[in-house]
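Coordinates in review
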Amino acid sequence: MEAKYCKESRVIRTSRVFPNDVNNHNTLFGGRLMSDIDQVASISAARHSRSECVTASTDSVDFLHPVRPTDSVCFESYVTWKGTSSMEVFVKIIAEDLKSGKRKIAATALLTFVALDEHKRPTWVPEVIPETEEEKKLHETAPERARARKERKQKSKELAAFLTLDQP
C-alpha cells in the first residue's frame, strides 16, 4: 500500500443544532457531540486504511466554546499519523452562528483507530503524508501523543486488574 495524503481521509460534515440535541443549558449535549466525533473519525480511518476499523481510544475531547441552537456545527476529520495498524484521527469542530456568520473552534478531538483484516485481526496501514501547516504540526507532534497513549493504556490495564467484578 502506498502512503496517503491527509486530505485523502478528510471528512467534512455540517449539521444544524435542533432542540433534541441540547442539554439543560441550551447548548449542544456533549454526548451527542462525542457520538458525532466518533462517526466522522471512523470514516476517516476507513478511508485511510480501506479496511474495517475499530475505535481503540478517544484520546481527548476538548470543549472550547459552547455550541448553541442558533449555530451550525461542522466536523472536519482526517488521519494525522499511523502506527503499525493504528491511526490517529484529528477532529476539528467549528460552530457557526447562522445569523452573523461568525465562526469559532468549538472543540477538538483526537482518537485512535485500529485497522482490521478479514479475520478481524490488526492489519498494516499506509504512511501518512501531511501537506498543510495544520497537518504538519499534528503529524510532527503525534509520536509524543502516541507515547502518552501507551503509558495511559498501561495504567488503565493496571487499574482494571485491581477492580472487582463483584455484584453491588
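Before going into details, it helps to say that this report is about the structure given with it. Just so it is clear, the structure is predicted and the values come from calculations on it, not from any experiment.

1. Description of helix α1 (residues 30-49)
When the terminal C-alpha atoms of α1 are compared, their 28 Å separation across 20 residues agrees well with the 28 Å that a helix rising 1.5 Å per residue should span. For α1, the complete set of buried residues consists of Leu33, Asp36, Ile37, Val40, Ala41, Ser44, Ala45, His48 and Ser49. In the stretch just after α1, Arg50 is the one whose phi turns positive, near 55°.

2. Re the sheet that holds strand β5 (residues 86-97)
The five strands lie next to each other as β2-β4-β5-β6-β3, forming an open sheet whose pairing is antiparallel. In the strand order of this sheet, the two ends are held by β2 (11-16) and β3 (52-63), each with one partner. The average angle at which neighbouring strand axes cross in this sheet is 20°, direction not considered. Where α1 meets the sheet, it contacts β2, β3, β4 (71-82), β5 and β6 (103-116), and its direction lies at approximately 40° from that of β4. Relative to β4, helix α2 (residues 133-162) is tilted by about 75°, and along the sheet it contacts β3, β4, β5 and β6.

3. Focus on unusual backbone geometry
A positive phi is found at Asn26, a non-glycine position, where the angle reads about 60°. With respect to the secondary-structure elements, Asn26 resides in the loop between β2 and α1. A relative accessible area of 44% means that Asn26 is categorised as partly exposed. Even without being glycine, Lys120 reaches a positive phi, approximately 65°.

4. Some points on the pattern of salt bridges
Inspection of the entire model under this criterion finds 17 salt bridges. Of the charged contacts, one joins Glu52 and Lys120 as a salt bridge, the two residues approaching to 2.7 Å between their closest N and O atoms. Pair noted here: Glu52 is in strand β3 and Lys120 is in the loop between β6 and β7 (128-129), with a separation of 68 residues, a long-range link. On the basis of relative accessible area, Glu52 is assigned to the partly exposed category, the value being 47%. One salt bridge connects Arg149 with Glu88, and the closest N-O pair in it is separated by 3.1 Å. Taken as a pair, Arg149 in helix α2 and Glu88 in strand β5 lie far apart in primary sequence, 61 residues in all. A single burial state applies to Arg149 and to Glu88, both of which are buried. Each of Arg10, Glu76, Lys92, Glu134 and Glu135 takes part in a single network of salt bridges with overlapping partners.

5. What about a nonpolar patch on the surface?
A cluster of nonpolar side chains, contributed by Leu159, Phe162 and Leu163, occupies part of the molecular surface with about 370 Å² of accessible area. In this fold, Leu163 is placed in the segment after α2.

6. Concerning the nonpolar core
The biggest cluster of nonpolar side chains holds 32 residues, and the ones touching the most others in it are Leu33, Ile37, Phe75, Val91 and Ile93. Those elements that place two or more of their residues in this core are α1, β4, β5 and β6. For this core, the leading source of residues is β6, giving seven residues. Beyond its immediate stretch of four places on either side in the chain, Phe75 contacts Val11, Ile12, Arg13, Ser15, Leu33, Asp36, Ile37, Val40, Val91, Lys92 and Ile93.

7. Quick notes on α2
Between its terminal C-alpha atoms α2 stretches 43 Å, which fits the 44 Å expected from 30 residues at 1.5 Å a residue. Of all bends in α2, the biggest is about 45°, found at Ala142, and the proline Pro143 comes one to four residues later. On its buried side, α2 packs onto β3, β4, β5 and β6.

Quick notes on the rules
Residues numbered from 1 in each chain as written. Predicted model: local features only at pLDDT ≥ 70, side-chain atom pairs only at ≥ 80, totals over all residues. Heavy atoms only, no water. Helix = DSSP H or I, 4+ residues; strand = E, 2+ residues; numbered from the N terminus. Expected span 1.5 Å × (residues − 1). Buried < 20%, exposed > 50% of the residue type's maximum accessible area, 1.4 Å probe, protein only. Pairing = 2+ DSSP bridges. Axes fitted to C-alpha atoms, helices over the stretch in contact; angles between N-to-C directions. Contact = heavy atoms within 4.5 Å. Salt bridge = Lys/Arg side-chain N within 4 Å of Asp/Glu carboxyl O. Patch = residues over 30% accessible without salt bridge, like charges linked within 9 Å, V, L, I, M, F, W, Y side chains within 5 Å. Areas by Shrake-Rupley, 256 points an atom, 1.4 Å probe, with all protein chains shown as cover. Core = buried A, V, L, I, M, F, W, Y, C linked by side-chain atoms within 4.5 Å. Bend = angle between axes of the 7 residues up to and from the residue.

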